[in-house]
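One-letter residues, chain by chain:
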Amino acid sequence: MIVSVADFASLTNGTSLPLSKIPTLPLEYFTNALTAGIAAGLRISSYFGMAGGPDAAGAAAGGASSGGGAVTLYALLADDEQNRLLVARAKVEGDSFPSIAVACPQAQLFEREIAEQYGLIPAGHPWFKPVRYQRSWTGRDAWGRKADEPILPAVGDFYRVEGEQVHEVAVGPVHAGVIEPGHFRFQCHGEQVFHLEIALGYQHRGIERSLIGGPDKRSLHYAETMAGDSTIAHATSYCQILESLSGCRAPARAQALRGIALELERLANHVGDLGALAGDVAYLPTANFCGRIRGDFLNMSALFCGNRFGRGFVAPGGILFDCDAARIDELKLRLDAAETDTSIAVNLLWDTQSVLARFEDTGMIDMATATELGLVGPAARASGLSRDSRRDQPAGIWRFAQVPVSTCETGDVFARAYVRWMEIKQSIQFIRDRMKDLPGGEIRARPENLAADSLSVSLNEGWRGEACHVAITDAGGRFARYKVVDPSFHNWPALARSLRDQEISDFPICNKSFNLSYCGHDL
Amino acid sequence: MLKAVIARLRQGHRTIKFPSAPPPSLPDRFRGRPVLDGARCREGCRACADACPTGAISLEGGRRIDLGKCLFCADCVAACPEGALVHAADYRLSASRREDLDVELEKSGPLLASALEKKMKHLFGRSLKLRQVSAGGCNACEADVNVLGTIGWDLGRFGIQMVASPRHADGLLLTGPVTKNMELALRKTWNAIAEPKLLIAVGSCAISGGPYIGHAETDDGINGFAPDLKADLFVPGCPPHPLTILDGLLRLLGRIEGEGWPPKR
């Protein structure tokens, strides 16, 4: 029998399917098909469990609350060549499911997450550790921990290199600087890093668990704060889920303005990161200029909606704040000024040998590794992968307006910085083009009741990569499961990998070149 | 090198003059605290309270809003059938005591945190080193605290500085709802700071739990984490505007008093 993804159901970004249309495959066949699909060039966008059998997405099944019963696994594969997403599922009867992590490293974190949330063991997993150090939702524990045994973050075995001259460096959870918490464990030989392992989970706030039973008045605010610097990306993904499940279409004007807001979010963060990278190699001119210019872009978001992070801008069915002609003119003026400032500040980097000497050949991720790890966003593009959900999985404005995808080949800190710079220019051009012919009309439709027993998928290319949301509704049209994959979830292992054989002092620039989200990973 | 010099000249001096001159203007859609024109309320209407995602608005025994819980989202204002709720433009929102954030929904005007008592002000008024801890923060509060260190705001000119080691710090600036998984690290960091020390809660998460109020995975902010700890400054917002944070810090240190500069629109 040829194992392939031919049986998987196909859908596109921003659409829904009745659950009855999603094939339920035998477990072994399902995991083999995932391996085959990934070998054939697909990648995992989302892979998650849901409590209950495939026939009962019913309210009682609710992802979080049922006992040690059956769990259904859902996999969402991205077929970027064909602009489609493939989905299938399988029922797990016992306590374990076959791990594909050895053949497909990009699955390893997803499998650990399923293990942690549902107490299932991915049989054959090469590095079977918790992800967020949370208690399972089913009362069953994959590591055999008792219900009253405390679960402490980052406590457990770490990969260790033994040897007389080998030493271990532990950093975090509280880092130097105003940033989020995580724990980093380096195995070093002098200055050289043999291996880095990253333990996260400190930011776990229970978002996925709390989304079950929704949508309710908090759901949008969860989306806005999943990764607070990617408010527009996650809020848009969430709103597209509601729109698709209720058969409601956000007006064209709202879709265009969402696109502008998404690019402003990208601009602010890319500019800020280029400044921070300059700061990490002690090149202060760019560090200082970009720190301020980043604020200029945040203030453009505030011009739209009053909040620098775009809170309150995106709403189910469209957007909350319209843009009059005066506001557009003001945005144009500010964009011109910020473009000039950014250009001067960033080009200093490429003219300064001491900066380039630190960026080049540092923290390399080659294309094969990037493919294997299933990277997304600028990190993937810096390793030569032409992968961007704005082009590959378009929804909303991206079906009508394209942004050229910027790639680099070298996969080093330089490439991750330079891709950002190219994207800055593309984003500014995109915003200008949209302002030129902004569609007229309404800015908001009203999504009504959600379709029952359905699955909906929504992706948006945030500044770190795709923010993937999958919702499964119960018989009453409520969320029986809401799965969020922040781009950082795909990319954290790449940061660990990039440090191999580097100097430990390269960690700050490697880290900043990815600038991954802790809270987006931990949810 | 020459290019860097030319760039520096073009850049010019970009630090705001505040507080010796008016603060930078806020966006016209800036969402300050919701203020109600109670005369327009319909009998028995609960639309604003029902729409609030965090239960910040209470209508029983007087109409009140807890700005420590408020996300400054647009939900209550959008829900009001009479258009009787508006967001005030005032950025001054910090308070010295948690209970001061619980305000009458109908009364407008700024919140003004008060200065430290004399001895503490003498110690920290001209030099305050803070250790920041994010305990479940979404990186928005963190980002807008960081902004204060950029050349536009230059927090250093007030003697305020973020430091890496709690041993170097005079206080802790907390963001995030305090996740269970950060409890130990937060406690150790706090204990490592020498007495006397200050505690500053920035953002609705740190004050009350914000969008995560009631989650078993979090402590509902600083009060849930350590009910006996008394924070010295509460800066509400989701996230607070950098100007709101700066205003709070400067009031705490006695650098601004009374009305300060009127809000510019």
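Computed from a prediction, not measured in an experiment: that's the story for all the values here. (Residues numbered from 1 in each chain as written. Chains lettered and ligands numbered in written order. Predicted model: local features only at pLDDT ≥ 70, side-chain atom pairs only at ≥ 80, totals over all residues.)

On to the environment of Gly476(A), then. Considering the arrangement of structural elements, one finds Gly476(A) in the loop between β15 (465–473) and β16 (479–485). Distance from Gly476(A) to Thr35(A), taken between C-alpha atoms, is 35 Å for residues 441 residues apart in sequence. (Helix = DSSP H or I, 4+ residues; strand = E, 2+ residues; numbered from the N terminus.)

Let us now look at the interface of chain A and chain B. At the junction of the two partners, chain A supplies 50 residues and chain B supplies 50 residues. Of all the secondary structure elements, the ones that give two or more residues to the side of chain A that touches chain B are α4 (219–225), α7 (284–305) and α8 (325–350) of chain A. Here the element with the most residues in the side of chain A that touches chain B is α7(A); it accounts for ten residues. A per-class count over the side of chain A that touches chain B returns 23 nonpolar, 18 polar and nine charged. (Contact = placed C-beta atoms within 7 Å. Nonpolar A, V, L, I, M, F, W, Y, C, P; charged D, E, K, R; others polar.)

A word on helix α6 (residues 183–192) of chain B. Residues and elements named next belong to chain B. Within α6, burial applies to Ala 185, Leu 186, Thr 189 and Trp 190. Looking straight down α6, one finds that the buried residues subtend no more than 130 degrees of arc, so they occupy a single side. Contacts made by the buried residues of α6 are with β6 (128–134), β8 (171–175) and α8 (221–225). (Buried ≥ 20, exposed ≤ 12 C-beta atoms within 10 Å, placed from the backbone. Arc of directions from axis to C-beta.)

Attention shifts here to the domain arrangement of chain A. Residue and element names in this part refer to chain A. Taken domain by domain, chain A comprises domain 1 (5–123) and domain 2 (207–487). Once you take the C-alpha centre of each, domain 1 and domain 2 turn out to be 27 Å apart. Contacts between the two partners involve 30 residues from domain 1 and, on the opposite side, 35 residues from domain 2. Where the side of domain 1 that touches domain 2 is concerned, the elements lending two or more residues are β2 (16–18), β4 (43–51), β5 (71–79) and β6 (84–92). Of the residues forming the side of domain 1 that touches domain 2, the biggest block, six residues, is contributed by β4. Tallied by class, the residues present in the side of domain 1 that touches domain 2 amount to 17 nonpolar, eleven polar and two charged. (Domains from an automatic or database assignment.)

Most peptide bonds take the trans configuration, and most residues that are not glycine carry a negative phi. The omega torsion of the bond from Gly172(A) to Pro173(A) falls at 20 degrees, within 30 degrees of zero and hence cis. Structurally, the position occupied by Pro173(A) is in the loop between β9 (166–171) and β10 (183–189). For the peptide bond that leads from Phe18(B) to Pro19(B), omega is 10 degrees, which places it in the cis range. With respect to the helices and strands, the residue Pro19(B) is situated in the loop between α1 (2–11) and β1 (34–36). You will see that Asn515(A), though not glycine, has its phi angle at about 40 degrees, which is positive. Within the fold, Asn515(A) resides in the loop between α15 (507–514) and α16 (518–522).

What follows is about the sheet that holds strand β7 (residues 160–162) of chain B. All names here are of chain B. Overall, parallel pairing links the five strands, which are arranged β7-β6-β8-β9-β10 in an open sheet. Among the strands making up the open sheet, the edge pair consists of β7 and β10 (233–235). Direction aside, neighbouring strands of the sheet carry axes that sit 25 degrees apart on average. Both β6 and β8 contribute to a ladder of five bridges, which runs parallel. Directly across from Leu 130, in β8, lies its bridge partner Gly 171. (Pairing = 2+ DSSP bridges. Axes fitted to C-alpha atoms, helices over the stretch in contact; angles between N-to-C directions.)

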